[in-house]
Amino acid sequence: MAARLGDEDGPGSGSGPASHLTSSPAPASAAGGAVSEGSVSDSASEGSGPVAPAPKGSALEDSASEGARTVTLDDVRSAQKTLSGISRLTALEGSRYLSGLVGSPVHFKCENLQRTGSFKLRGGYVRIAGLSPEERAAGVVAASAGNHAQGVALAASLLGVRSTVFMPEGAPLPKIAATRDYGAEVRLCGQIVDETMRAAQEYAERTGAVFIHPFDHPDIIAGQGTVGLEILEQCPEVRTVVVGIGGGGLAAGIAVAVKALRPDVRVVGVQAEGAAAYPPSLAAGRPVTIDAPVTMADGIKVGRPGEVPFRIIEELVDEVRTVTEDELSSALLLCLERAKLVVEPAGASPVAALLSDPKSFEGPVVAVLSGGNVDPLLMQRILRHGMAAAGRYLSLRLRLTDRPGALATLLGVLSTLDANVLDVSHVRTNPRLGLSEAEVELHLETKGTDHCEDVREALRGAGYTVMADVMV
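Helix and strand content of the protein chain: 16 helices and 14 strands. For the protein chain, with 472 residues in total, the buried portion stands at 57%. Carbon and sulfur atoms provide 51% of the accessible area of the protein chain, an area that totals close to 18,700 Å².

As structure tokens, then:
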């Protein structure tokens, strides 16, 4: 079937649009079909599921087998056994607020509460556990800005394998420290992940260490697919699964598991609008590269889909949607305030999709919160951005007459409007100001978009010149 195109260590276990659509959905099929190179089988016979070959002759091809490796339901079930006692059965938590918007139950699959703070441990452990004794002795190497780094570091430590992780020079300090604490040797190299990835691959070629790709390998996809098995076990009545997409390993793995067992369940992928490589790739029928992806959601900031996950997503994921930065920050704020969950922007992308067009999802819905590793400084900026997007944070620049008591009078007007003043910057000397003018920049906490407009109008009515809203 053709995918519909659309306009990535805490406690916790248990159970519990800005979409821009460009084509119409096609139903997933679980009926048989032969596997051909470069395609995905729709077979869902007992013990098997959709499959996708790794590119012939590439580094992704399994060195111990002849021909292409595939990802099947059996692989995912085997990965689940491998992960027994290693990964956590993360909680499935209901969201009353989103359930009200959607009109049917909405649940969060809390992979932000997984060991290392994201789903990445699953695939990393399965991949390293499958190495031969000789490969393990050579060690492993990975490249990542955070989540994959921590997953590989912990997986390697648990298996007694030496690990080296290359991270960008600008990677958040908490993620660097956590990766080291999990036992990896961390090397800082490059400004972006693509540069870091090349450095890691060169290290692998030079030393013989096994390169652990973050998403483009069948073992990685099988490990991530265990999330899909857990969703079906915890919420057997599920009708829609929503998951963020970067390179595609998590979405592909979930799709293999879910579509093999429940082909009626709709799988929806979500990308950040500024880093959406899948819509053009699906339109072209092959992975294509987008230049300079830009998004706060670094966990899904990938410029080119993986070859292996792409073929699975192309066949099995029903739709790919995009969300804006404002929607991502609003979703993160909702997770924090309403669900009391710390979620990184990539992990909040499914929530952003639900908020943007709630009535387009058939419930019950499971939204996969893929990770919770967010730098505190970035969190602070995102929360302010989210409050502004929700109309709860207003920054204004205005002019007033420069006379004694003028600022106190302005603050008195604001107090009658029930707007909480967070910060004031008072400028009296500037070439752009007249001799009797002063300029004030205000940061206000408000109650929503209507309240923001009421504040603007009241200030104008009181005789103040509102110059502009200020970016936060």
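After presenting the structure, the write-up continues.
Let us now look at the environment of Gly 303. The residue Gly 303 is located in the loop between helix 10 (278-284) and helix 11 (307-316) in this model. When its relative accessible area of 14% is taken as the criterion, Gly 303 is described as buried. For the pair formed by Gly 303 and Ala 277, sequence separation is 26 residues and the distance between their alpha carbons is 5.9 Å. Not counting chain neighbours up to four residues away, the residues in contact with Gly 303 comprise Ala 277, Val 288, Thr 289, Ile 290 and Pro 293.

As summarised here, the arrangement of the four strands in space is 5-4-3-6, forming an open sheet in which the pairing is parallel. Among the strands making up the open sheet, the edge pair consists of strand 5 (185-188) and strand 6 (210-211). Note that strand 4 (residues 163-167) and strand 5 share four bridges and pair parallel. By the bridge assignment for strand 5, Phe 166 is matched with Arg 187.

In space, the six strands of this open sheet follow the order 1-2-10-7-8-9, with mixed pairing throughout. Edge positions in the open sheet fall to strand 1 (92-94) and strand 9 (319-323), since each of these has one partner strand only. Going from strand to strand, the sheet's axes swing by 25° on average, the running direction of each strand aside. Alignment of strand 8 (residues 266-272) against strand 9, held across five bridges, turns out to be parallel. Bridge pairing in strand 9 links Gly 269 to Val 320. Sheet strands in contact with helix 8 (residues 218-234) are strand 1, strand 2 (106-110), strand 7 (240-244) and strand 10 (365-369), and its direction is about 140° off that of strand 2. Taken strand by strand, helix 12 (residues 325-337) contacts strand 8, strand 9 and strand 10, and its axis lies near 90° from that of strand 9.

Along the polypeptide, Tyr 464 turns up in the loop between helix 16 (449-461) and strand 14 (465-469). The class for Tyr 464 is buried, based on a relative accessible area of 12%. C-alpha of Tyr 464 to C-alpha of Leu 410: the two residues are 54 residues apart in sequence and 8.7 Å apart in space. The contacts of Tyr 464, once residues within four sequence positions are left out, are Leu 398, Arg 399, Leu 400, Ala 406, Thr 409, Leu 410, Val 413 and Leu 459. Within the structure, Tyr 464 has its side chain in polar contact with the backbone nitrogen of Leu 410 (distance 3.5 Å).

Quick look at the pattern of salt bridges now. Opposite charge on two side chains lets them pair, provided their charged atoms get close. Per the stated rule, a full pass over the model turns up 17 salt bridges. The salt bridge involving Glu 319 is made with Arg 266; its shortest N-O contact spans 2.9 Å. Highlighted residues: Glu 319 in strand 9 and Arg 266 in strand 8, separated in sequence by 53 residues. The partner of Glu 453 in a salt bridge is Arg 456, and the shortest N-O contact between them spans 3.1 Å. Of the two residues, Glu 453 and Arg 456 both sit in helix 16, three residues apart, roughly one turn of that helix. In the salt-bridge network here, residues are joined through shared partners; they are Lys 109, Glu 111, Arg 122 and Glu 230.

Another aspect to go through is the side chain of Ser 395. Assignment of secondary structure puts Ser 395 in strand 11 (residues 393-401). Exposure remark for Ser 395: the relative accessible area of 2% places this residue in the buried category.

Okay, helix 1 (residues 73-82) next. For an α-helix, 3.6 residues make a turn, and residues three or four places apart therefore share a direction. Turning to helix 1, its buried residues are Leu 73, Val 76 and Ala 79. Projected onto a plane normal to the axis of helix 1, the buried residues spread over an arc of 120° and lie on a single side. Buried residues along helix 1 sit against helix 3 (120-129), helix 8 and helix 9 (249-261). Two or three places before Asp 74, at the start of helix 1, stands the capping residue Thr 72, its side-chain oxygen 3.3 Å from that residue's backbone nitrogen.

What follows deals with empty space enclosed by the protein. Here the second largest cavity defines a volume of roughly 30 Å³. Contributing to the lining of the second largest cavity are Ala 138, Gly 139, Val 140, Arg 162, Ser 163, Thr 164, Tyr 203 and Ala 209. Taken together, the residues that form the lining of the second largest cavity break down as four nonpolar, three polar and one charged.

Let us look at the packing of aromatic side chains. In this structure the tally under the stated criterion is two aromatic pairs. The cationic tip of Arg 338 hangs over the ring face of Tyr 97; the distance from NZ or CZ to the ring centre is 4.2 Å.

Of the two faces of strand 3 (residues 140-143), the one holding Val 140 and Ala 142 and the one holding Val 141 and Ala 143 are both buried throughout. Relative to strand 4, strand 3 runs parallel, the two being bridged by four bridges. Following the sheet pairing, Ala 142 is matched in strand 4 by Val 165. Following the chain from strand 3 across helix 5 (residues 147-158) to the adjacent parallel strand 4, one finds a crossover that is right-handed. Here strand 3 pairs with strand 6 via two bridges, running parallel. Paired with Val 141 across the bridge in strand 6 is Phe 211.

Our next topic: the confidence of the model for the protein chain. Confidence in the prediction of the protein chain, expressed as mean pLDDT, is 83, and 82% of residues score 70 or more. A low-confidence stretch, residues 1-67 stays under pLDDT 50, and its non-local contacts, those more than four residues away or across chains, total 190 contacts.

So, how was this worked out
Residues numbered from 1 in each chain as written. Predicted model: local features only at pLDDT ≥ 70, side-chain atom pairs only at ≥ 80, totals over all residues. Heavy atoms only, no water. Helix = DSSP H or I, 4+ residues; strand = E, 2+ residues; numbered from the N terminus. Buried < 20%, exposed > 50% of the residue type's maximum accessible area, 1.4 Å probe, protein only. Areas by Shrake-Rupley, 256 points an atom, 1.4 Å probe, with all protein chains shown as cover. Contact = heavy atoms within 4.5 Å. Pairing = 2+ DSSP bridges. Axes fitted to C-alpha atoms, helices over the stretch in contact; angles between N-to-C directions. Polar contact = N/O pair within 3.5 Å; in protein donor to acceptor, adjacent residues only side chain to side chain. Salt bridge = Lys/Arg side-chain N within 4 Å of Asp/Glu carboxyl O. Arc of directions from axis to C-beta. 1 Å grid on protein atoms, 1.4 Å probe; cavity = no way out; pocket = protein on both sides within 12 Å on 5 of 7 lines; lining within 4 Å. Points joined across faces, edges and corners; volume = space filled by probe spheres on them. Nonpolar A, V, L, I, M, F, W, Y, C, P; charged D, E, K, R; others polar. Phe/Tyr/Trp six-rings, centres within 6.5 Å; stacked < 30°, edge-to-face > 60°. Lys NZ or Arg CZ within 6 Å of the ring centre and 35° of its normal. Right-handed = clockwise from strand over helix to strand, strands pointing away. pLDDT = per-residue confidence, 0-100.

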